[in-house]
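If you want the building blocks of each chain, they are given just below.
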Amino acid sequence: MWSYAFFLLLAFLTLGSAFLLLSLRKTLHAVFAAMGAFLGLAALYFLLGAEFVATVQILVYAGAVTILAAFGVMLSRHREEGRTTTGEILGLISALSFFLLVAAFLWKARFPLLGAPGEGFVRLHDIGELAFDPAYGLAVVLGGLLLALALIGAVLVAREDEP
């Protein structure tokens, strides 16, 4: 009973954050609403017993993607808010069409049931040991260097030209 009520509360908060994301006019505020939706999804994953997926949701989406979007907003030039353009209307129509297409596909699709956890399933401990394996050290360092260079490039592109 309580888990069902808690699920409904989390679903309501997650959907509320998602609708807030779509309705806010300021982009940075929308980024923070997206973070609320990501955290709500992570809480739902925890409630469903998928701790690894919830942890990845928090680290990747609520953390990295939100920070990347915030940097993108802060480092870019913005046009003045005004009337809705034709491109925005066409974008809304195409997004709704895509949503309806995906919803129709999911409605007709038949997904096989997953088996119960047992042999053949990877434990979270094994994933952690593999992630910190020294064989992947160079890839992690090069990925961090690439991200740092991309941020420096974004700052150089976004700054005002000085005479």
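Residues numbered from 1 in each chain as written. Predicted model: local features only at pLDDT ≥ 70, side-chain atom pairs only at ≥ 80, totals over all residues. Heavy atoms only, no water.

So, on to the packing of aromatic side chains. Counted by the stated rule, this structure contains one aromatic pair. For the pair Phe38 and Tyr61, a centre-to-centre distance of 5.4 Å together with 45° between the ring planes defines the contact as tilted. Here Phe38, found in helix α2 (residues 27-47), pairs with Tyr61, found in helix α3 (residues 51-74); they are 23 residues apart in sequence, far enough to count as distant. Judged by its relative accessible area of 21%, Phe38 falls in the partly exposed class. (Phe/Tyr/Trp six-rings, centres within 6.5 Å; stacked < 30°, edge-to-face > 60°. Helix = DSSP H or I, 4+ residues; strand = E, 2+ residues; numbered from the N terminus. Buried < 20%, exposed > 50% of the residue type's maximum accessible area, 1.4 Å probe, protein only.)

All right, on to the confidence of the model for the chain then. Averaged over all residues, the pLDDT of the chain equals 79, while 83% of them reach at least 70. Averaged pLDDT values for the elements of the chain fall to 73 in helix α5 (residues 124-131) and rise to 90 in α2. (pLDDT = per-residue confidence, 0-100.)

Now for the environment of Ala154. Within the secondary structure layout, Ala154 lies in helix α6 (residues 137-158). Taking relative accessible area as the criterion, Ala154 reaches 29% and is therefore assigned partly exposed. In the structure, Ala154 is positioned 79 residues away from Leu75 in sequence and 6.8 Å away in space, judged by C-alpha atoms.

Turning our eyes to something else, we now look at the packing of α2 against α3. The packing of two helices is summarised by the inter-axis angle and the distance between the axes. Between α2 and α3, whose axes approach to 8 Å, the crossing angle comes to 175°. Between α2 and α3, the crossing angle belongs to the class labelled roughly antiparallel. A class-by-class count of the residues in the contact of α2 with α3 yields 18 nonpolar, four polar and one charged. (Axes fitted to C-alpha atoms, helices over the stretch in contact; angles between N-to-C directions. Parallel < 35°, antiparallel > 145°, perpendicular 65-115°, else oblique. Nonpolar A, V, L, I, M, F, W, Y, C, P; charged D, E, K, R; others polar.)

Here the focus is the packing of helix α1 (residues 2-23) against α2. One way to put it is that α1 packs onto α2 with a least axis distance of 8 Å and a crossing angle of 160°. Here α2 runs roughly antiparallel to α1, going by the angle between their axes. In this structure, α1 crosses over α2, and the sense of that crossing is left-handed. Only Ala30, Ala33, Ala34, Gly36, Ala37, Gly40, Leu41, Ala43, Leu44 and Leu47 of α2 make contact with α1, whose side of the interface consists of Ser3, Phe6, Phe7, Leu10, Ala11, Thr14, Ser17, Ala18, Leu20 and Leu21. Residue composition of the contact of α1 with α2, grouped by class: 15 nonpolar, five polar and no charged. (Left-handed = near helix turned anticlockwise from the far one by under 90°. Contact = heavy atoms within 4.5 Å.)

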